[in-house]
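# Breakdown of the fold
Residue strings, one per chain:
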Amino acid sequence: MAALIPNTTPIRTFEDHGDRVIAVAALPDEHMVTASYDGMLRLWDLKTGFVLRKMEGHRSRVRALAVSPERCYRDWVASGDESGELIIWNGKTGELLNQAIKVHDGWIFSLDFSSNSTMLASGSSDTTTKLWCTSTWEVQYSLSCGGIVRCVRYSPISSSILAIATDNSVQIYDVNLYASNRYHHNDYGYPVQLRTTVGGEFNYSLAWTRDGSRLISGGSGADPTIREYDTTSEYWQEVGNPWKGHFKDIHAISLNSSGTLLASASHDNHVRLWRRSDQRAIAIFKHSREVNCVTFSADDKHILSGGVDKKISEWSISKDAALPEDGLKDSLLKEQGTHQAIRNACIVGDWPAAEKVLNLDIETDANHTCYANRAFVMARKCDWDKALQDAIRSVSIQPSLVGHISKGIALCGKKQAIALFNAGEHQEAMLRIGELAACPNVDPIACRIVEAYLRVQLGNMALDGARYNEAVEHFTAAANASIFFYKLPIQLTYDEFIALFGLDLKSLCQTANQQQCYALFRAGSFGAAIESYQSIMNKTDEDMKVGLHAWFNGK
């Protein structure tokens, strides 16, 4: 591959800040918001290049910026500074929504809203990450991270999964799972740390792919590489080799909306544009000085970057930038040829060939139709887990008839365990669930939901047969399985299960816990039954507490 020649001439620059530009975010209405060491934010009109509003309120250098997800209709912008103060703004008007709140004892290096905007994470040089409830703007949890927190990023598909980059690790937390800690100020304990990633240690920046299947990190000068992790694998294995090209700190990374391209901003004065499919740099944009921030425009046609030169530079992206290079792929990129190749492969039953063509199609244009078509192909191969994953991605990108049909077919295939159960093959059904859960790239939440439902049915059968100890075993397993899903914001994703079971996920969890208490009483384990009831009441929300309390008193 020929050496890349840095582009030193942006198509436009935006100049008004009085100091380093530390953060930039593109807004959907052709606006842009920037933050600077000059202590101010600015709201820009990208059409005219003019500043719409200078956003004043900070008393020290601004260090962090976050924008609420577009689909949540909140229009919030959050900013943090070196005094440890946080401000929330109206993203459409630039108006101040609150006075500065003192939240950290050190600099705020990073901010991020959860996917549903109910939480805001703030990471600081004081080595803590604080999780804010956005309905009250009060701290819900404070996590001790063991090092300076450089970056915090919520998963785009789960408001409970949070990645935190520090000076010595990348830590993954599940905010909805709690570890008890008797020194904590409430009954819930701390969110559970799921894992610490291997590989690079000191990371400045993180980014998730839109489907949450990959986490990407940007390293410090000691390891100025980009690393990609497969979050669907058991140990979050690194994908491929580290991406090499920068030779100083990688301050920021950003993915385009389809996840096919990644931009990185570095202390080495360069912005690099990478193609994810082969992990290659395909363009270099050069600033005169250190670059601190980078993002894609809302339409993915441009890159916006800023740094010590006090301005934001806009760079054009080739429309073919994401396309692979070899001749086979180039021939498949022509739309008519691609569709004909898929059609021909399906007619003759050559499913591997159809899958290969669709994989190439998704790499270049990850639209809802491509994912739905691949879901059909994976269903014909009886790979139900991948079929369901692709169907869900299709519907999440754009709800459509073809997407919902592919999802229905995939769910029918995955529900073999339920068919076995209904046929009286109970042991075989549970074995099938165990096998599914152990498979790579499986949807573990779906398995937990089905397991909880089947265990509740087995428990009820045992109660009817006066086999109380057996009933306790099944209801306990159901309650344990429900821990993994009942608080997650996934009701719409798994709404098919409501029609199948006649219960929503919250009711399924409540039933499992109620029946566990009842079975313990019938088995004569009164102390264990009361302890179980108290444990449930400590873990559940207020609505479920009311229902459980009424049930317990009337049982």
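Residues numbered from 1 in each chain as written. Predicted model: local features only at pLDDT ≥ 70, side-chain atom pairs only at ≥ 80, totals over all residues. Heavy atoms only, no water.

### Some points on the overall build of the chain
Each helix and strand counted, the chain has 14 helices and 27 strands in total. Scored against the burial criterion, the 555 residues of the chain give a buried share of 53%. Residue pairs in contact within the chain that sit at least 24 positions apart in sequence constitute 47% of those at least 6 positions apart. Accessible surface for the chain amounts to roughly 24600 Å². Of this, 50% is attributable to carbon and sulfur atoms. (Helix = DSSP H or I, 4+ residues; strand = E, 2+ residues; numbered from the N terminus. Buried < 20%, exposed > 50% of the residue type's maximum accessible area, 1.4 Å probe, protein only. Contact = heavy atoms within 4.5 Å. Areas by Shrake-Rupley, 256 points an atom, 1.4 Å probe, with all protein chains shown as cover.)

### Thoughts on unusual backbone geometry
Look at Trp-137: it is not a glycine, yet its phi comes out positive at around 55°. Position of Trp-137 relative to the elements: it lies in the loop between strand E12 (128-133) and strand E13 (138-144). With a phi close to 80°, Asn-269 is a non-glycine residue in the positive phi region. Structurally, Asn-269 can be placed in the loop between strand E22 (261-266) and strand E23 (270-275).

### Quick look at the pattern of salt bridges
Here the structure, examined in full by the defined rule, presents 21 salt bridges. Across the pair Glu-228 and Arg-214 runs a salt bridge, and its minimum N-O distance is 3.3 Å. One end of the pair, Glu-228, is in strand E20 (residues 226-230); the other, Arg-214, is in strand E19 (residues 214-219), and 14 residues separate them in sequence. Taken together, the shared-partner salt bridges connect Asp-16, Asp-38, Arg-42 and Lys-54 into one network. (Salt bridge = Lys/Arg side-chain N within 4 Å of Asp/Glu carboxyl O.)

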